[in-house]
Amino acid sequence: MRVDAMSGTRLLYNLRFRAILYQMIAVGSIVLLGLYLFSNVSRKLAEQNIATGFGYLSREAGFVISQTLIDYKPTDTYGRAILAGIVNTVWVSAWSVVLATIIGLFVGIARLSRNPLLALLAFLYVEALRNVPLLLYLFLWYALIVTSLPAVREAWEILPHVFLSNSGLTVPSLVWTSAHTLVLLALFIGGALGIFVHRRATAERIRTGKARMTWPWVALALLVPPMLAILIAQPDLTVSLPEKGRFRLTGGAQLRPEFTALLVGLALSASAGIAEIVRSGILSVRKGQWEAARALGLRDGLTMRLVILPQALRVIIPPLTSSYLSLFKNSSLAIAIGYPDLVMVSNTTMNQTGQAIEGIAIFMLVYLGLSIMISLFMNWYNSRVALKER
């Protein structure tokens with residue numbers, strides 16, 4: 001018994017054990033508090049004959065969503081409607097991240113340019129976008145699109161079968177089927193196989209010191225899966241062409257003003273912060289790196305791409321994660337300009353069902369899940385570029 005007491009005392013003095021114990025106690029306390037609050041709210045709502053639970057998700061929604069990436073009809077369920085809102089949110093946020101990163105990278109480099117005019121323009125760009133609330137810019141871009149472009153009946157045909165009006169940009173589109181989805185999935189599989197083959201070949205070259213021709217194997221890995229998918233699924237290449245009618249445009253795919261305004265607003269607003277992150281990352285690299293690269297005969301562009309930016313990434317990635325998280329969460333402002341994102345669809349659902357707590361819980365969990373996935377991916381990438389002590 002004395003030995004067991006001594007081992008228990010020794011365990012309590014173990015820092016790692018105590019850290020895990022404290023975390024378990026904290027998580028358990030939060031879970032118990034959440035269960036208590038949930039049961040208390042459920043009881044109060046039941047006393048007032050207000051329905052609770054998520055059973056309403058299987059009922060018919062009965063409302064229209066103006067633009068969706070997945071098939072949705074008013075006769076579908078509330079669960080399907082919320083899924084359409086989630087897909088819309090992820091779609092516009094993902095494209096905004098891509099555009100904001102590209103623009104922010106170039107603006108951040110331009111801020112350090114030896115050309116005073118270019119550096120001044122980049123400075124004004126950052127200050128103008130960073131110091132004005134995003135919501136005002138969303139209103140601005142939406143108003144510009146709606147008021148400055150012609151009505152649908154007077155739409156500009158800027159290219160054959162490409163129309164521009166205050167209802168958005170309408171372009172020819174491929175009639176999408178499940179066969180196309182299979183080919184697209186095969187393209188992703190081929191890309192993953194190509195990366196795997198290239199990395200294995202690189203590791204083998206480093207291990208043996210012998211250079212071998214690898215591009216034919218990489219090309220085979222890239223092309224074989226989609227070619228097999230095309231032969232098996234045989235997708236039809238049917239193109240829907242927009243046609244200008246008397247009152248509206250028919251056919252094709254439409255890039256609506258709500259989506260465009262949200263995309264532009266999110267991307268430009270986030271790019272200003274990313275530009276400052278890039279600038280600080282570049283400035284963190286010692287000037288000796290520039291001098292060494294110039295001594296080797298590298299031009300400034302190659303020095304930036306091959307020497308400076310890879311080292312600056314170690315400083316850039318952690319704050320860049322916060323910018324991406326903020327961008328995804330700021331997409332909830334889409335409700336102000338009528339883009340049917342998760343928040344807007346959930347608000348409509350709550351107004352019709354009266355079950356506000358469940359609706360709020362759903363989109364809180366969705367944003368929490370997206371934030372965790374972004375953080376995990378960025379932390380993984382940060383560990384790949386971080387300096388490792390030997």
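Nothing here was measured: the structure is a model prediction, and the numbers come from that model.

Definitions and limits used
- Residues numbered from 1 in each chain as written.
- Predicted model: local features only at pLDDT ≥ 70, side-chain atom pairs only at ≥ 80, totals over all residues.
- Heavy atoms only, no water.
- Helix = DSSP H or I, 4+ residues; strand = E, 2+ residues; numbered from the N terminus.
- Rg over C-alpha atoms; globule rule 2.2 N^0.38 Å.
- Buried < 20%, exposed > 50% of the residue type's maximum accessible area, 1.4 Å probe, protein only.
- Contact = heavy atoms within 4.5 Å.
- Axes fitted to C-alpha atoms, helices over the stretch in contact; angles between N-to-C directions.
- Parallel < 35°, antiparallel > 145°, perpendicular 65-115°, else oblique.
- Left-handed = near helix turned anticlockwise from the far one by under 90°.
- Nonpolar A, V, L, I, M, F, W, Y, C, P; charged D, E, K, R; others polar.
- Pairing = 2+ DSSP bridges.
- Core = buried A, V, L, I, M, F, W, Y, C linked by side-chain atoms within 4.5 Å.
- Phe/Tyr/Trp six-rings, centres within 6.5 Å; stacked < 30°, edge-to-face > 60°.
- Salt bridge = Lys/Arg side-chain N within 4 Å of Asp/Glu carboxyl O.
- Patch = residues over 30% accessible without salt bridge, like charges linked within 9 Å, V, L, I, M, F, W, Y side chains within 5 Å.
- Areas by Shrake-Rupley, 256 points an atom, 1.4 Å probe, with all protein chains shown as cover.
- Expected span 1.5 Å × (residues − 1).

Time to look at the overall build of the protein. Helices and strands together make up the secondary structure of the protein, namely twelve helices and eight strands. Over its C-alpha atoms the protein spans a radius of gyration of 27 Å, topping by over 25% the 21 Å that the globule rule assigns to 390 residues. Expressed as lengths along the three principal axes of its C-alpha atoms, the size of the protein is roughly 75 × 70 × 55 Å. A buried classification covers 31% of the 390 residues belonging to the protein. Put simply, 66% of the contacts in the protein that link residues at least 6 apart link residues at least 24 apart.

Glancing now at the packing of helix α9 (residues 287-295) against helix α10 (residues 300-330). Interhelical geometry of α9 versus α10 gives an angle of 140° and a closest axis separation of 10 Å. The orientation of α9 relative to α10 falls into the category oblique. Note that α9 runs across α10; the crossing there is right-handed. Seen from α9, the contacting residues are Q289, W290, A293 and R294; seen from α10, they are D300, T303, M304, V307, I308 and Q311. When the residues that make up the contact of α9 with α10 are grouped by side-chain class, the tally is five nonpolar, three polar and two charged.

Our next topic: the pairing of strand β1 (residues 156-159). Bridge count for β1 against strand β2 (residues 162-165) is three bridges, and the pairing is antiparallel. Residue pairing across strands places E157 opposite F163, the latter belonging to β2. Hairpin remark: β1 followed by β2, antiparallel, with two residues in the connecting loop; positive phi at H161, about 65°.

Another point: the pairing of β2. Taken together, the three bridges between β2 and strand β3 (residues 168-171) define a ladder with antiparallel strand orientation. Paired with L164 across the two strands is L169, which belongs to β3. Hairpin connection between β2 and β3: a loop of two residues separates the two successive antiparallel strands.

Formed by 43 residues in total, the largest nonpolar core has its most connected members in F63, I65, A81, I282, I308, L320 and Y324. Counting residues per element, the ones that place at least two in this core are α3 (78-110), α8 (257-283), α9, α10, α11 (342-353) and α12 (356-385). The biggest single contributor to this core is α10, with twelve residues. Look past the residues within four positions of I308 in its chain and what remains in contact with it is I282, V285, Q289, W290 and T303. Ranked by size, the runner-up nonpolar core spans 13 residues in total, among them L138, L149, F259 and A334.

Despite not being glycine, Q234 has its phi angle at roughly 50°, a positive value. Tracing the backbone through its elements, the reader meets Q234 in the loop between α7 (215-233) and β5 (239-240).

The full count for this structure, using the stated rule, is seven aromatic pairs. Grouping aromatic residues by their ring pairs yields a cluster made of Y56, F63, Y72 and Y78.

Position of L365 among the secondary structure elements: in helix α12. Given the relative accessible area of 59%, L365 is considered exposed. Along the sequence, L365 and G301 sit 64 residues apart, while their C-alpha atoms lie 44 Å from each other.

On to the sheet that holds β2. Within the open sheet, the four strands sit side by side as β1-β2-β3-β8. Their pairing is antiparallel. Each edge of the sheet is formed by a strand with only one pairing partner; in this case those strands are β1 and β8 (253-255). The mean angle between the axes of side-by-side strands here comes to 25°, regardless of whether they run parallel or antiparallel.

We now examine the pattern of salt bridges. A pair can form between side chains of opposite charge whenever their charged atoms are brought close. This model, assessed by the stated rule, comprises five salt bridges. The residue R111 makes a salt bridge to E276 at a minimum N-O spacing of 2.6 Å. Taken as a pair, R111 in the loop between α3 and α4 (116-130) and E276 in helix α8 lie far apart in primary sequence, 165 residues in all. Residue classification places R111 among the buried residues on the basis of a relative accessible area of 18%.

The residue N88 is located in helix α3 in this model. Of the residues examined, N88 reaches a relative accessible area of 2% and is grouped as buried.

Now for a nonpolar patch on the surface. Taken together, the side chains of L174, W176, L184, L187, F188, L237, V239 and L241 present a nonpolar region at the surface, about 830 Å² in accessible area. Take the nonpolar patch: its biggest share by element is three residues, from helix α6 (residues 178-208).

Before going further, it helps to examine α7. Helical periodicity: at 3.6 residues per turn, an α-helix aligns residues three or four positions apart in one direction. A rise of 1.5 Å per residue sets the reference length of α7, with its 19 residues, at 27 Å; its end C-alpha atoms lie 27 Å apart and thus fit the reference within 8%. Of all the positions in α7, only V218, A221, P225, P226 and A229 are classed as buried. Those residues of α7 that are buried lie in contact with α6. Q234 occupies a position one or two residues after α7 and carries a positive phi of about 50°.

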